[in-house]
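# Coordinate analysis (summary)
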Amino acid sequence: MKRINSKATDNEKLRQLSAEYVNHSGGAMTTDQGIGIANTDDSLKAGERGPTLLQDFIFREKIMHFDHERIPERIVHARGFGAHGHFQVYESQSAITRAHFLSDPDLVTPVFVRFSTVAGFRGSPDTVRDVRGFAVKFYTQEGNYDLVGNNMPVFFIQDAMKFPDLVHALKPEPHNEIPQAASAHDTFWDFIANNPETAHNMMWLMSDRAIPKSYRMMEGFGIHTYRLINAKGQSKFVKFHWKPLLGVHSLLWDETQKIAGVDPDFNRRDLWENIFCGNFPEWELGVQILDPKDEFNFDFDILDPTKLWPEELVPVKKIGKMTLDHNVTNYFAETEQVAFCPANIVPGIDFSNDPLLQGRLFSYPDTQLSRLGGPNFHEIPINRPIVKVNNNQRDGIHRMSIDQGTVSYFPNALNKGEPHPASLGEPAYAHFIEKLGGETVRKRADSFKDFYSQPIMFWHSLAPYEQKHVINAFRFELGKVKNTDIRQAVVNMLNNIDGDLATQVATCIGATPPAMPFKAKNVKISPALSQAGTVSSAKTRKVGILLECGFDKREVDAIANAAITAGATVEIISGAQAPVTAKDNRTVNASQTYATTSPVIYDAIYIPSGSRHVETLMLNPHTLDYINNTFKHCKPLAASGDAVELLRSAPALKNASLCGNKSGMVNDKGVITSKGRNEFSAFTNEFIAALNKGRFFEREDC
Ligand code: HDE
């Protein structure tokens, strides 16, 4: 793979300078005290076969450091993967915000992004059904701004007070710590059934959004309503969106199960490899802007984090682009030690009174105290702002800076009143001036209590194949719930969304279907909620080609070149990682074997012609595995010449009559076959068109 280095911008260089990169490649080894070490393999003993001596400080230091290599993993979002990049606004947004990084289109702001799953432990597989975290740290010239969001636009609960309950219910059950990274268990669904405010997020969790194909193909949402404030002190409400340029794409459930075994690092590997190869992922930052005078003009409360603002009502304006262009140098130092916090905001952006957001503002720095071991985590290189930190905070565990002087208080005369509170003209944060009032109450606002209108909208906005996936997800998740009362309670809850959905789930899990199936009237549809119409292209997709000796190299070259031209990558799979000889005696190197890879890793499979090669594949049980899985997962499946026989031998394809007849090419539902060389260029075009499309969901009905 070719490594492409990003063009480090001035700001990026600044950020890199503030970190401490240590190159361990040369020189003699030392202890942490700098004392030279001549032997790092043998402890100091009393005689060659004698006991180890306590005085062996080299041994003790090495083991002591090893014993403390881990820090507590995040309570939620423990499994994550990060990358560096930059953000640039398209045009000045100064009319709505005074945030400097959103006001200057020439400014390149460095960012660090960490994607994550929520429930699983740090070593859990990537492809589990879960919400994905989408946390962005902007290193702006006015300090760090963190937009700590998810890949779904709503959250499970409305008040932060309930968060520990939600997480306790979701995490593995406490008596046996089962199941890992999965919501398919009793305590989670018990919580859902007893908290109708979760209905909306629960629908998203059962949808394809919860099993993204790639972090690069995932939307991001700030979820909460925030405020933007301009230089005149005027404010608008805002919701933030990240829109991936490659479109929004998901895995199929069956794929996720297999990938979890074949490559538990599937999503992180995908991000790492694509950045490494120069396929830099890109997202546009979108904003939905709402004038405060319209605050009460909706049939939902804009402060309620279980509600989204339908894009058709409040359009998303794309204001800038984020590109991730370099991988981390060290996972622990950067991805593990990064500390996000929704309270890290810059002038021009402010919070709203969303009670979930208000609780988060406390939680994040608090969790860092135990996770990163003290109050100085802002000094860890990845967390340092690119601007100077200047205050009277001092000391504490792991203080890195050596603060000079005697004065660490204000006001003072000994240091001429420095550092001083920013005076007029100097950058300083100012909150939006808002009139607040009301009685001290522990109460949910009545305007937060419509739990079902938006799940109904979501359900009816999905394409039929997406709805089918949701039904199957419920059948799986609730089918794993042992307590039948909980199953029934969730079915009853689903009947508030759609009677047909509730019935289809109930009949499969042994629950009683609703006596009066609910059918919503005058449903509002939001097409933006479906992934069906999303951008789709062959770019960065992975084509697998099965090859054995005796294949037709001209065909392989044509397909591989066309795929690469379309932006895809190609891998050759064979019996050995060795050159495979074509029928014209030329060779192609196989980088993968049936043991090292699997059909679920590829976006399309192609098998060229060649009698000896086809005969070998015919006898190889893996061939059917590749054909069946690729077919089942609705991905392009192509064969030419005598290799078409291989497709014909797969029962699923035979039933669907999709593999062509003896005399011609049948290119239907993403199964592409060609009989003769004269058809080859049309065949290649069909294959690339199918690769662009990605999936043929109509095959799920075959
Ligand atoms: Fe978080 N969340 N959260 N969360 N969250 C954490 O902070 C919390 C919520 C989100 O890659 C923790 O540093 C509370 C919503 C992401 O490092 C913790 C509430 C959204 C990440 C915490 C929420 C998120 C976290 C754990 C209810 C989407 C990973 C470790 C009010 C808008 C950030 C840490 C990373 C992490 C608390 C709800 C997103 C415990 C109390 C809503 C992406 O502080």
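From a predicted model like this one, the values you see are computed outputs, not experimental measurements.

### Section: the overall build of the protein chain
Tallying secondary structure elements over the protein chain gives 19 helices and 19 strands in all. A principal-axis box enclosing the C-alpha atoms of the protein chain has dimensions of 95 × 80 × 55 Å. Split into buried and exposed, the 702 residues of the protein chain put 52% on the buried side. Restricting to contacts in the protein chain with at least 6 residues of sequence separation, those with at least 24 account for 73%. About 32,400 Å² of surface is accessible on the protein chain, with carbon and sulfur atoms providing 54% of the total. Taking the average place of the 75 positive charges on the side chains of the protein chain and the average place of its 81 negative ones, the gap between the two points comes to 3 Å.

### As for the domain arrangement of the protein chain
Looking at the assigned domains, one finds that the protein chain contains domain 1 (58-64 + 78-383), domain 2 (451-529) and domain 3 (542-701). Counting from both sides, the interface comprises 33 residues of domain 1 and, opposite them, 32 residues of domain 2. Summed over both partners, the interface of domain 1 with domain 2 comes to about 2,700 Å²; 69% of that surface belongs to carbon and sulfur atoms. By the criterion of area lost to domain 2, the three top residues of domain 1 are Asp186, Trp189 and Met203, representing 23% of everything that side buries. There are one salt bridge connecting domain 1 and domain 2. Ionic pairing is found between Asp299 and Lys524, a salt bridge with its closest N-O pair at 2.7 Å. If you look at where domain 1 meets domain 2, you find eleven residue pairs in polar contact (both at pLDDT 80 or more). Of all the secondary-structure elements, those providing two or more residues to the side of domain 1 that touches domain 2 are α4 (186-193) and α5 (199-205). Here the side of domain 1 that touches domain 2 is built from residues that sort into 15 nonpolar, eight polar and ten charged.

### Topic: the site of the ligand
Among the 22 residues in the neighbourhood of the ligand, the closest are listed as Arg74, Arg114, Ser363, Tyr364 and Gln368. Listed by contribution, the elements that provide at least two residues to the shell around the ligand are β3 (132-140), β4 (143-150) and α9 (355-371). With six residues, the top contributor of residues to the shell around the ligand is α9.

### Re the nonpolar core
Membership of the largest hydrophobic core comes to 54 residues, with the highest contact counts inside it found for Trp189, Phe474, Leu494 and Leu501. Those elements giving two or more residues to this core turn out to be α3 (163-170), α4, α5, α10 (453-461), α11 (464-479), α12 (484-494) and α13 (499-509). Residues lining this core come from more than one domain, with at least three contributed by each of domain 1 (58-64 + 78-383) and domain 2 (451-529). Ignoring any residue separated from it by four or fewer positions in sequence, one finds Leu494 in contact with Met202, Met203, Phe474, Leu501, Ala502 and Val505. Judged by nonpolar contacts, the second largest core, of 39 residues, contains Val113, Phe134, Trp242 and Tyr331.

### Some thoughts on the coordination of the iron atom of the ligand
Among protein atoms, the single one acting as a donor to the iron atom of the ligand is Tyr364 (OH), 1.8 Å away. Its place among the elements puts Tyr364 in helix α9.

### Thoughts on the packing of α11 against α13
At a minimum axis distance of 9 Å, the contact between α11 and α13 shows a crossing angle of 40°. Of the possible angle classes, the one that applies to α11 and α13 is oblique. Considering how the two elements wind past one another, α11 and α13 form a crossing that is right-handed. Residue-level inspection shows Val470, Ile471, Phe474, Arg475, Leu478 and Gly479 of α11 in contact with α13, the latter providing Leu501, Gln504, Val505, Cys508 and Ile509. Among the residues making up the contact of α11 with α13, the classes are represented as eight nonpolar, two polar and one charged.

### Quick notes on α9
For α9, which comprises 17 residues, the first-to-last C-alpha distance of 25 Å matches the rise-based estimate of 24 Å (1.5 Å per residue) to within 8%. Of all the residues in α9, the buried ones are Leu356, Leu357, Arg360, Leu361, Gln368 and Arg371. Each element contacted by the buried residues of α9 is listed here: β4, β6 (226-229) and α8 (331-336). The N-capping residue of α9, defined by a side-chain oxygen 2.7 Å from the backbone nitrogen of Leu356, is Asp354. Gly373, located one to two residues past α9, shows a positive phi value of around 85°.

Thresholds applied
Residues numbered from 1 in each chain as written. Predicted model: local features only at pLDDT ≥ 70, side-chain atom pairs only at ≥ 80, totals over all residues. Heavy atoms only, no water. Helix = DSSP H or I, 4+ residues; strand = E, 2+ residues; numbered from the N terminus. Buried < 20%, exposed > 50% of the residue type's maximum accessible area, 1.4 Å probe, protein only. Contact = heavy atoms within 4.5 Å. Areas by Shrake-Rupley, 256 points an atom, 1.4 Å probe, with all protein chains shown as cover. Lys, Arg positive; Asp, Glu negative; His and termini not counted. Charge placed at Lys NZ, Arg CZ, Asp CG, Glu CD. Domains from an automatic or database assignment. Buried area = accessible area lost by both parts, 1.4 Å probe. Salt bridge = Lys/Arg side-chain N within 4 Å of Asp/Glu carboxyl O. Polar contact = N/O pair within 3.5 Å; in protein donor to acceptor, adjacent residues only side chain to side chain. Nonpolar A, V, L, I, M, F, W, Y, C, P; charged D, E, K, R; others polar. Near = heavy atom within 4 Å. Core = buried A, V, L, I, M, F, W, Y, C linked by side-chain atoms within 4.5 Å. Donors = N, O, S within 2.8 Å, 3.2 Å for Na, K, Ca; no water. Axes fitted to C-alpha atoms, helices over the stretch in contact; angles between N-to-C directions. Parallel < 35°, antiparallel > 145°, perpendicular 65-115°, else oblique. Left-handed = near helix turned anticlockwise from the far one by under 90°. Expected span 1.5 Å × (residues − 1).

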